[in-house]
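# Structural overview
So you can see what is in the structure, the chains are spelled out below.
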Amino acid sequence: GAVVSQHPSRVICKSGTSVKIECRSLDFQATTMFWYRQFPKQSLMLMATSNEGSKATYEQGVEKDKFLINHASLTLSTLTVTSAHPEDSSFYICSARHRDRGQGMYGYTFGSGTRLTVV
Amino acid sequence: SQKIEQNSEALNIQEGKTATLTCNYTNYSPAYLQWYRQDPGRGPVFLLLIRENEKEKRKERLKVTFDTTLKQSLFHITASQPADSATYLCALPSASNTGKLIFGQGTTLQVKP
């Protein structure tokens, strides 16, 4: 089955520094990757959609200069949290969309998530 | 705008019983609905997809129903086990038809031995 590898699983950084989170599709090509953040006991909130080779589309209220998304290849998408602050502390999850032959439509495979703590 | 509601209160049941979780949605008629399982500190894992023209879908001990008139999906786990304890999320495709998934807030299930 489709597998998405997300790294790092946990990261602690100092306020003002930048952190990069990587998501790789291991056995399929992900033309579209979605990035979510999740606060404790809350739902996944979509931050942005990235398509390989083009600029990411951000959801309303998400600062594109703060959350830089790069989708340079069909198997790798990165999210960089720039000038991180404590309020950016959250659980970040990527999701790759792929063709699900069994369902005859698109399937979504999620990474294992990254717990970011900004101190 | 489209809304998805799941019971935010945790569901506690005894091992062996059937767990039933509810997902209600408004302002939308999705072509399909998905259910995911999420364990603490992990990403969601896909469980089942049900299309608008399907009333019911089964996979092992899991059963999902989809009532497009009530705008509701029910997710059942029969013969529940402590290992089924997790948060279960329902997700719908965005009404904007952009391939995005919109999630409910999830219901946490606790199965006691």
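Read on for a plain summary of the structure.

Residue and element names in this part refer to chain A. What the 4 strands build is an open sheet, ordered 1-3-8-7; its pairing is antiparallel. What marks the edges here is a single partner per strand, and that holds for strand 1 (4-7) and strand 7 (67-73). Adjacent strand axes in the sheet meet at a mean angle of 15°, parallel and antiparallel pairs treated alike. Where strand 3 (residues 19-25) lies against strand 8 (residues 76-81), 6 bridges are found, and the strand directions are antiparallel. By the bridge assignment for strand 8, Cys-23 is matched with Ser-77.

Another point: the packing of aromatic side chains. A full pass over the atoms with the stated rule returns 11 aromatic pairs over all chains. Each ring, one from Phe-110 of chain A and one from Tyr-36 of chain B, has its centre 5.3 Å from the other, and the planes form 80°; the classification is edge-to-face. Of this pair, Phe-110 of chain A sits in strand 10 (residues 105-110) while Tyr-36 of chain B sits in strand 4 (residues 32-38), placing the two residues on different chains. By the burial criterion, Phe-110 of chain A is buried, and Tyr-36 of chain B matches it. When the ring of Tyr-36 of chain B is compared with that of Phe-46 of chain B, the centres are 5.7 Å apart and the planes differ by 75°; the resulting orientation is edge-to-face. Pair noted here: Tyr-36 of chain B is in strand 4 and Phe-46 of chain B is in strand 5 (residues 45-51), with a separation of 10 residues, a long-range link.

Rules behind the numbers
Residues numbered from 1 in each chain as written. Chains lettered and ligands numbered in written order. Predicted model: local features only at pLDDT ≥ 70, side-chain atom pairs only at ≥ 80, totals over all residues. Heavy atoms only, no water. Pairing = 2+ DSSP bridges. Helix = DSSP H or I, 4+ residues; strand = E, 2+ residues; numbered from the N terminus. Axes fitted to C-alpha atoms, helices over the stretch in contact; angles between N-to-C directions. Phe/Tyr/Trp six-rings, centres within 6.5 Å; stacked < 30°, edge-to-face > 60°. Buried < 20%, exposed > 50% of the residue type's maximum accessible area, 1.4 Å probe, protein only.

Honestly, that's just the spatial picture; any functional story needs more than this.
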